[in-house]
Amino acid sequence: MTEMVNEQNEKDVFVRAYTAMVLSRTFDKKIVMAQRQGRIGFYTPSIGQEATQVGLSMALDHDDVIFQYYRDVALMIHRGVPIEVILDQIMGNAEDESKGRQMPSHYTAKKYNFMSVQSPVATNLPLAVGAAYALRYQKKNTVVVATFGDGSTSTPDFHAAMNLAAVFNLPVIFLCENNGWAISLPTEKQTKVEISEKAAAYGMKGVKVDGNNFIETYRATMEAVERARSGKGPTLIDAISFRMGAHSTSDDPSKYRSQTVEEGSEKDPITIAEEQLKSLGYLNDSLIAKIKEESTKMVNDKFDIQEKIPAPEPGTMFDDVYAEKNWIIKEEEDDIL
Amino acid sequence: MSTMNMVQALNSTLDHIMAGDTSVILLGEDIGKDGGVFRVTEGLQAKYGEERVIDTPLVELGIVGMSVGMSLMGVKAIPEIQFQDFIYTAFDQIINQMAKMRYRSGGGYTLPMVLRTPYGGGIKGGLYHSQSGEAYFAHTAGLVVVTPSNPYDAKGLLISSVESPDPVIFLEPKRLYRAAKIEVPDEDYRVKIGEAARPMEGDDLTIITYGSMVPTVLNTVKKNNLNADVLDLRTLLPMDVNAIISSAKKTGRVVIVHEAPRTLGMGAEISALISERAIEYLYAPILRVTGPDIPFPYRLEDYYMPSEERIMKAVKRVMEFR
């Protein structure tokens, strides 16, 4: 591990990573529960993908730019996005950065260099390529990351982005959060080859990594970051995990699969992290219990506070379509409000 | 002043914009070495280099998607889609990324980009080199849609589009690329987005048109000595409603001419606006002279394009309506 992080702070770095994973898991369970209680409209949990997302985040600098998808809460938490910001978006309240316009799980966090999440999968990938082109043109030594699921690899946008990034030799990391399922379709029905092997067809480096292991994912991402920063071009990382939850709160996975990874089992990425950090002497059972307890309290407290924030004012729905409202929107606003 | 056609006006304006702003990048298929299939970007790569005038792989959705990503990082991207007919693989990027970025980020992320593309028939291009898809874009909140009908407006609208804080679809009527040479000022000037032109003034009827049909309409009016108010919309989203309504109120008789198919074309919206705001001023039904609701035919394209005869047929109907 010493080749990647300074030895003196390795413990801090790894414990912080673990804490982010636990906080994300706690958060997801809370939101899924809140949805069942009718307090939240919809949600796409990251349960099972925490190690992938945190391992990725650990390798990035603040200035690096992320075109994330709708299942990246652990990534956001580890990068320092406050829980309040995530809650505001899910609740669509007046404090939300996108002013309650997007359904839950479609975050924007500009201060943290998170772009704005769209629903149509993989359409963020060509954007990441263009951003990387622009940043290189501006002589910034910045890496651009696009995250997406395994289903996205079937889209034309994936193909376009991979090809363009390779042709222009851009500092992009394509991180496939391969959780095994695109709603009901298993990866083996999505594609005939290993996702990492697709990289070869574009002339870029492809890496398959155990996405349940945050240290392995961190290591693979660090290598990709170094390749990108030294002008050696893009990397496709296929991080294998398991979507332990449903696709979304509107989905019932029992219709199409059996649960193969139970929470707390030896395949759970959080259990794996606990074993790793215990054997390194960085964590013990009481510290683990404390982190979990603090996470639960923090999520519950913040949820109750943010829930009191009202919806955005109705007039705000007519803002930000353009820099200035055109006559059409002004007229429709007057008519409706 | 220089005398130039629309291609020359666009080319010299792009040249001027790139010289003055190093954050501008052009990208598209064959726009660099080849100067674009219509030569609009001729010579620009030689002058500004391959990094700023990018010959891209053949992928429209990638060209638009990359442009969105570039613009998010503060580069002003001016992508070219070689023919508007080829834009549909990029439709998702245009509708779901380009048009919605400002809104969905609460105004945090903005996209000052200009997507240029030649459109329309009249060059013997058949089904896939002739389409007029402007209504698809004008139906999408978040986009600005403009189309010049002459070299002067091409320059002024392009400068306004590049300066616009909103993403612009810049539709170039390819039939008019080299149709006429006119005087174009050498210095910068702007044609305001959202403002129609009135190339002819008259009192008997209003003819509303834009893009490639403007010269056809003007020739028809001159040849037949019509006392017509002619509006060249120039901006299709948002349209100049005041110009449309004030002219309709003045003449009480309206004909709309466009090359795109009739059903749910721009004419439908113009007609609805007039019906809602000025129906009591009308002496006759609002008529549309448009391309038919068929794919664009190759050999028989002259029958497809609205002609002087078809325009006059509509003019006679509204003038003689009792």
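Numbering of residues starts from 1 in each chain and follows the order in which that chain's sequence is written. Chain A is the first chain written and ligand 1 is the first ligand written, with later ones labelled in order. Restriction of local features to residues with pLDDT of at least 70 applies here, the model being predicted, together with a cutoff of 80 or more for giving and counting side-chain atom pairs; totals for whole chains, interfaces and linings are based on all residues.

Looking at the overall build of chain A
- Along the backbone of chain A there are 12 helices and nine strands.
- The size measure is the radius of gyration over C-alpha atoms, and the globule rule it meets is 2.2 Å times the number of residues to the 0.38 power. The C-alpha radius of gyration of chain A comes to 20 Å, within 12% of the 20 Å expected for a compact globule of 337 residues.
- C-alpha extents for chain A along the principal axes are approximately 65 × 50 × 45 Å.
- The exposure scheme places C-beta atoms from the backbone and then counts, for each residue, the other C-beta atoms within 10 Å of its own, assigning buried at 20 or more, exposed at 12 or fewer, and partly exposed in between. When the 337 residues of chain A are sorted by exposure, 51% land in the buried category.
- Taking the intrachain contacts of chain A between residues at least 6 apart in sequence as the baseline, contacts between residues at least 24 apart amount to 76%. Only runs of H or I of at least four residues qualify as helices and only runs of E of at least two qualify as strands under DSSP, and these elements are numbered from the N terminus. By definition, residues are in contact whenever their C-beta atoms, placed on the basis of the backbone, come within 7 Å of each other.

Here we look at the sheet that holds strand β10 (residues 205-209) of chain B
Residue and element names in this part refer to chain B.
- Here, any two strands with at least 2 DSSP bridges between them count as paired. Spatially, β9-β11-β10-β13-β14 is the arrangement adopted by the five strands of the open sheet, whose pairing is mixed. The open sheet has two edge strands, β9 (197-200) and β14 (287-291), and neither has a second partner. In this sheet, neighbouring strand axes are inclined to one another by 25° on average, regardless of whether the strands run parallel or antiparallel.
- As a rule, the C-alpha atoms of each element are fitted with a line to give its axis, helices using only the stretch in contact, and angles between N-to-C directions run from 0 to 180 degrees. Across the face of the sheet, helix α9 (residues 241-251) comes into contact with β9, β10, β11 (228-232) and β13 (254-261) while running at roughly 170° to β11.

Examining the domain arrangement of chain B
Residue and element names in this part refer to chain B.
- Domains are outlined according to an automatic or database domain assignment. Under the domain assignment used here, chain B contains domain 1 (2-184) and domain 2 (197-320).
- Averaged C-alpha coordinates put domain 1 and domain 2 at centres separated by 26 Å.
- Those elements that place two or more of their residues in the side of domain 1 that touches domain 2 are α6 (134-138), β6 (144-146), α7 (151-163) and β7 (168-173).
- In the scheme used here, Gly and all other residues not listed as nonpolar or charged are polar, with Ala, Val, Leu, Ile, Met, Phe, Trp, Tyr, Cys and Pro taken as nonpolar and Asp, Glu, Lys and Arg as charged. Of the residues in the side of domain 1 that touches domain 2, the class split is 13 nonpolar, nine polar and four charged.

Quick look at the nonpolar core
- We define a nonpolar core as a collection of buried residues of the types Ala, Val, Leu, Ile, Met, Phe, Trp, Tyr and Cys that are connected via C-beta atoms lying within 7 Å of each other. Core analysis: the biggest nonpolar cluster contains 190 residues, and Met21(A), Ala128(A), Val129(A), Ala131(A), Val172(A) and Val255(B) have the highest contact counts within it.
- Two domains each put at least three residues into this core: domain 1 (2-184) and domain 2 (197-320) of chain B.
- Look past the residues within four positions of Val255(B) in its chain and what remains in contact with it is Leu205(B), Ile207(B), Leu287(B), Val289(B), Ile311(B), Ala314(B), Val315(B) and Val318(B).

Examining the interface of chain B and chain A
- Between chain B and chain A, the contact holds 37 residues from the first and 37 residues from the second.
- Counting only elements with at least two residues in the side of chain B that touches chain A, the list comes to α3 (60-72), α4 (91-98) and α5 (101-104) of chain B.
- Classifying every residue of the side of chain B that touches chain A by side-chain character gives 17 nonpolar, 15 polar and five charged.

Section: α9(B)
Residues and elements named next belong to chain B.
- When we look at burial in α9, the residues that qualify are Ala243, Ile244, Ser247, Ala248 and Thr251. Projected onto a plane normal to the axis of α9, the buried residues spread over an arc of 125° and lie on a single side.
- In this structure, the buried residues of α9 make contact with β9, β10, β11, β13 and α10 (266-278).
- Glycine 252 lies just past α9 and shows a positive phi near 75°. Arc, as used here, means the arc of the directions from the helix axis to the C-beta atoms.

A word on the packing of helix α1 (residues 10-36) of chain A against helix α11 (residues 285-306) of chain A
Residues and elements named next belong to chain A.
- In contact at an axis separation of 9 Å, α1 and α11 are set at 45° when each is read in the N-to-C sense. Judged by the inter-axis angle, α1 sits oblique to α11. The hand of the α1/α11 crossing is right-handed. Listed contacts from α11 to Thr19, Val22, Leu23, Thr26, Phe27, Lys30 and Ala34 of α1 are Ile291, Lys292, Ser295, Thr296, Val299, Asn300 and Phe303. With respect to orientation, any angle under 35 degrees is reported as roughly parallel, any angle over 145 as roughly antiparallel, any angle of 65 to 115 as roughly perpendicular, and every other angle as oblique. By definition, turning the near helix anticlockwise from the far helix through less than a right angle yields a left-handed crossing, and turning it clockwise yields a right-handed one.

Focus: the pairing of β11(B)
Residue and element names in this part refer to chain B.
- Burial within β11 is extensive, with five of its five residues counted as buried.
- Across the two faces of β11 the burial is the same, with Ala228, Val230 and Asp232 and Asp229 and Leu231 all buried.
- Summarising the sheet, β9 and β11 pair through two bridges and their orientation is antiparallel. In the sheet register, methionine 200 faces β11, and the bridge partner there is valine 230.
- Examined bridge by bridge, β10 and β11 share five bridges and lie parallel to one another. Across the sheet, residue threonine 206 finds its bridge partner in β11, namely aspartate 229.
- Place the viewer so that the strands point away; then a crossover is right-handed whenever the path from the first strand over the helix to the second strand goes clockwise. Taking the sense of rotation as the criterion, the β-α-β connection linking β10, helix α8 (residues 213-223) and β11 turns out right-handed.

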